[in-house]
Amino acid sequence: MTATTNVIALHADPVTRRAKRESMTARRRIQEARISRGWTEQDLGDKIGLPAGYVLAFEAGETNPTLEIVCHFAALLGKSLHELTAP
């Protein structure tokens, strides 16, 4: 039996470019807020209930979390989604 993946290829349209830019901004701002609090990836992971490796992968852009996880990050760090993504 072979594993099947459900990968949806996104085209490089303006909406997709904007989403990628906002995602990178949110990742950077979450990392900056984590560091400003003196938290390690392990600390943030423990607070949200995820492994440190997941936090590391998220900050490196290697995983795409659900909106719910991003909202948890934002709440733990005292930020709104707007603050994380606004230009």
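A few points on the structure. This is a predicted model, so every value here is computed, not measured.

## What about helix H2 (residues 41-48)?
Part 1 of the argument: Here H2 has its buried residues at Leu44, Gly45 and Ile48. Each buried residue of H2 lies within a common arc of 100° when the element is viewed along its axis, so the set occupies one face.
Part 2 of the argument: For H2, the N-terminal cap is Thr40; the gap from its side-chain oxygen to the backbone nitrogen of Gln42 is 3.2 Å.
Part 3 of the argument: A positive backbone phi angle near 85° is found at Gly49, which sits one or two residues after H2.

## Here we look at the side chain of Glu59
Part 1 of the argument: When you line up the elements, Glu59 lands in helix H3 (residues 52-59).
Part 2 of the argument: Classification of Glu59 as buried rests on a relative accessible area of 12%.
Part 3 of the argument: In contact with Glu59, not counting residues within four places along its chain, are Arg27, Gln31, Arg34 and Glu41.

## Overview of the environment of Ala52
Part 1 of the argument: Here Ala52 is to be found in helix H3.
Part 2 of the argument: Classification of Ala52 by relative accessible area gives buried; the value is 15%.
Part 3 of the argument: On a C-alpha basis, the gap between Ala52 and Glu41 in space is 5.1 Å, while along the polypeptide they are 11 residues apart.
Part 4 of the argument: Setting aside chain neighbours within four positions, we find Ala52 in contact with Glu41 and Gln42.

## Some points on the side chain of Arg29
Part 1 of the argument: Mapped onto the secondary structure, Arg29 falls in helix H1 (residues 14-36).
Part 2 of the argument: Although Arg29 lies buried, it forms no salt bridge, and the closest oppositely charged side chain, Glu32, sits 5.5 Å away as judged by the N-O distance.
Part 3 of the argument: A distance of 2.9 Å separates a polar atom in the side chain of Arg29 from the backbone oxygen of Glu83.
Part 4 of the argument: Within the local environment of Arg29, its side chain forms a polar contact with the backbone oxygen of Leu84, the two atoms lying 3.5 Å apart.
Part 5 of the argument: Once residues within four sequence positions are removed from consideration, Arg29 is found in contact with Glu83, Leu84, Thr85, Ala86 and Pro87.

## Quick notes on helix H4 (residues 67-76)
Part 1 of the argument: Those residues of H4 that sit buried are Ile69, Val70, Phe73 and Ala74. Mapping the buried residues of H4 onto a view down its axis gives an arc of 140°, with all of them on the same face. When the buried face of H4 is taken as reference, the exposed residues oriented beyond 90 degrees from it are Glu68 and Ala75.
Part 2 of the argument: Trailing H4 by a residue or two, Gly78 shows a phi angle of about 70°, which is positive.

Reading guide: rules and limits
- Residues numbered from 1 in each chain as written.
- Predicted model: local features only at pLDDT ≥ 70, side-chain atom pairs only at ≥ 80, totals over all residues.
- Heavy atoms only, no water.
- Buried < 20%, exposed > 50% of the residue type's maximum accessible area, 1.4 Å probe, protein only.
- Helix = DSSP H or I, 4+ residues; strand = E, 2+ residues; numbered from the N terminus.
- Arc of directions from axis to C-beta.
- Polar contact = N/O pair within 3.5 Å; in protein donor to acceptor, adjacent residues only side chain to side chain.
- Contact = heavy atoms within 4.5 Å.
- Lys, Arg positive; Asp, Glu negative; His and termini not counted.
- Salt bridge = Lys/Arg side-chain N within 4 Å of Asp/Glu carboxyl O.

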